[in-house]
Amino acid sequence: MTVDPRRPSRRGSRRRAGSSRAAAWGTAPFALYVALFLALPTAIAIGTGFVDGEGAPTLDNVAALADPYVLSGFSTSLWLSALTAVVGAVIGALVAYALIGTDPNGALRASIDSASGVLAQFGGVMLAFAFVATIGIQGLVTVLLRDLVGVDIFADGVWLYEAPGLVLPYVYFQVPLMIITFLPALEALKPQWAEATATLGGTARDFWWRVGIPVLAPSFLGSLLLLFANAFSSFATAAALTSQGQSIVPLQIRAALTSETVLGRENLAGALALGMIVVMAAVMGLYALLQRRASRWQR
Amino acid sequence: MTASGVPAPRPATRWTILGAVGIVFAIPIVAMVEFTLRRGLEGGYDLSRWVTVLTGDLGPAYRPLGTAIGNSVALALATVAVVLVLLVPTMILVQLKLPALRRPLEFVCLLPISIPAIVLVVGLAPVYGVIARIAGSGVWTLAFAYGIVVLPFAYRAVQSNLDALDLATLTEAARSLGASWPVVIVRVLLPNLRRGLLAAAFISVAVVLGEFTIASLLNRQNLQTALVVVQKDDPFIAVIVALLALLFAFVLLLVIGRIGRGRTRRTP
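Below, the structure is looked at part by part. (Residues numbered from 1 in each chain as written. Chains lettered and ligands numbered in written order. Predicted model: local features only at pLDDT ≥ 70, side-chain atom pairs only at ≥ 80, totals over all residues. Heavy atoms only, no water.)

**Observations concerning the interface of chain A and chain B**
- Contact with chain A, which involves 83 residues of that partner, is made by 83 residues of chain B.
- Taken together, both faces of the contact between chain A and chain B bury some 6800 Å²; the carbon and sulfur share is 80%.
- Our count for the contact surface shared by chain A and chain B stands at zero salt bridges.
- Remark: the boundary between chain A and chain B carries seven residue pairs in polar contact (both at pLDDT 80 or more). (Contact = heavy atoms within 4.5 Å. Buried area = accessible area lost by both parts, 1.4 Å probe. Salt bridge = Lys/Arg side-chain N within 4 Å of Asp/Glu carboxyl O. Polar contact = N/O pair within 3.5 Å; in protein donor to acceptor, adjacent residues only side chain to side chain.)

Okay, here's the thing in structure tokens:
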């Protein structure tokens, strides 16, 4: 052990206790930062739902969560998230399956990893542009379908700028997110399990149906929940696509924040935020449970 | 037998899946490129708009876009500073001295995944009202909010590096050879954590450059909010800049991937 010349040597235990107390103080700046910019805003967001414009406590805003306008926002958000999560999870899992056996350090993997990362995390506003250029009124696919096949995808009116128009852009960022989150689980399948299956006379199909899929099920469901949460909390694509729409909850929060009064209530944004937090807490709680289950096989 | 040992799909199956998904996912990108090449009402294609953007010859109407890009770059740097100054020392401290705090720290750092930015912004609006009174309404103050947004990404990048090191042994070795704490940090910890720190910095830059929600609702101008504004006047220019930003983020993530792969190769 070294003797620090600046500090008189004391009994080890006391010194360790002192240094760990000093170390605990070292976490204070980060703790303060998180308290100010994560805990406080979250508390305010939830708390404002319970006060009126003058700051007096009220349940009026929370009661507004039962309003048909808000209910339709939540139901649109929920089905949009569920639909795109399921489609994204299935396609993403297929791509992850197709990547088994490719070199993890190869160029194919590297470009798919990066492209997935960009589309899953960076998309937002660009995805709105991309889909206006693709299936907008003058979009590439719209025009090609109209001129070559004679199909007018907007025969029943333009749906791109409403909730159904969000399905394709959302799937476009859900699939990459699935690839990112599900591929590690696939890679954690132990080669020994495949060997054991083969030794016992099982085929590749037996391996997948009897071992692979049962083991991966919790990870798949966990990723599905993550995708759901991702779509549910997504704002940028919808906001860039529809400047006025209030079809999903995040857009209703924008309306409530920017126009002061929606449904004649001043703090509706807080109540909507509370509703979103409740949904997210339920989804992420379930996710944590599934992760614990999934990690059993990844040791 | 494949490297992983798990039954791999047949090449035909693999390339059918990858090809089909690849083509479908390429369509919107191709459509964006096609859109930027269109030559107005007379039809046909040319490169004139790309030349305009790439030579920076956009005229005063697009000055807000330049300002916004500057804001985004400044925010990206400031956010990386927040990560390096506030998060990283705390993570090292917890790893070395406060093992009891590891789980709580992980919980806090991953929490922002569960709190949508649109919810956070409802509570950030009053917080930034106070900040504006104290520190002015400079765009850099957003970096504090962005530090929270990038927290899960940065935490994962640094933690996976920390997990691969035996930090306690390294520091004890350095200390017993007579190194002071500052020397340990500069000559032992930082070089060993370089990969994790670089990955954390790059992923933070990518996330900040793509951030729209908080800037938009707190009325600050960044790349993404400016793109939405420009798109209303001149969608062509907005799409070109969006494509360039996508390309930039793609390259940034390729570099992160390389950094990560370097690490896995070194520890077999």
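**A short note on the packing of aromatic side chains**
- For the coordinates displayed, the defined rule picks out 15 aromatic pairs over all chains.
- Plain terms: the ring middles of Phe74 of chain A and Phe232 of chain A are 6.4 Å apart, the flat faces sit at 40 degrees to each other, and that makes the pair tilted. Here Phe74 of chain A is found in helix α4 (residues 68–98), whereas its partner Phe232 of chain A is found in helix α10 (residues 204–233), with 158 residues between them in sequence. Accessibility assignment for this pair places Phe74 of chain A and Phe232 of chain A in one class, buried.
- On the numbers, 5.6 Å between centres and 80 degrees between planes, the contact of Tyr97 of chain A with Trp208 of chain A is edge-to-face. One end of the pair, Tyr97 of chain A, is in helix α4; the other, Trp208 of chain A, is in helix α10, and 111 residues separate them in sequence.
- Tyr97 of chain A sits in the partly exposed class, given a relative accessible area of 25%.
- The class of Trp208 of chain A is buried, set by a relative accessible area of 13%.
- One aromatic cluster is present, built from ring pairs that chain together Tyr33 and Phe37 of chain A together with Tyr128, Trp140 and Phe144 of chain B. (Phe/Tyr/Trp six-rings, centres within 6.5 Å; stacked < 30°, edge-to-face > 60°. Helix = DSSP H or I, 4+ residues; strand = E, 2+ residues; numbered from the N terminus. Buried < 20%, exposed > 50% of the residue type's maximum accessible area, 1.4 Å probe, protein only.)

**Details of the pattern of salt bridges**
Residue and element names in this part refer to chain A.
- Using the criterion set out here, one finds four salt bridges over all chains in the structure.
- Asp147 serves as the salt-bridge partner of Arg146, at 3.4 Å between the closest nitrogen and oxygen.
- Look at Asp147 and you get exposed, because its relative accessible area is 52%.

**Considerations on the side chain of Gln252 of chain A**
- Structurally, the position occupied by Gln252 of chain A is in helix α12 (residues 249–258).
- Excluding anything up to four places from it in sequence, Gln252 of chain A contacts Tyr69, Val70, Gly73, Gln246 and Leu272 of chain A.

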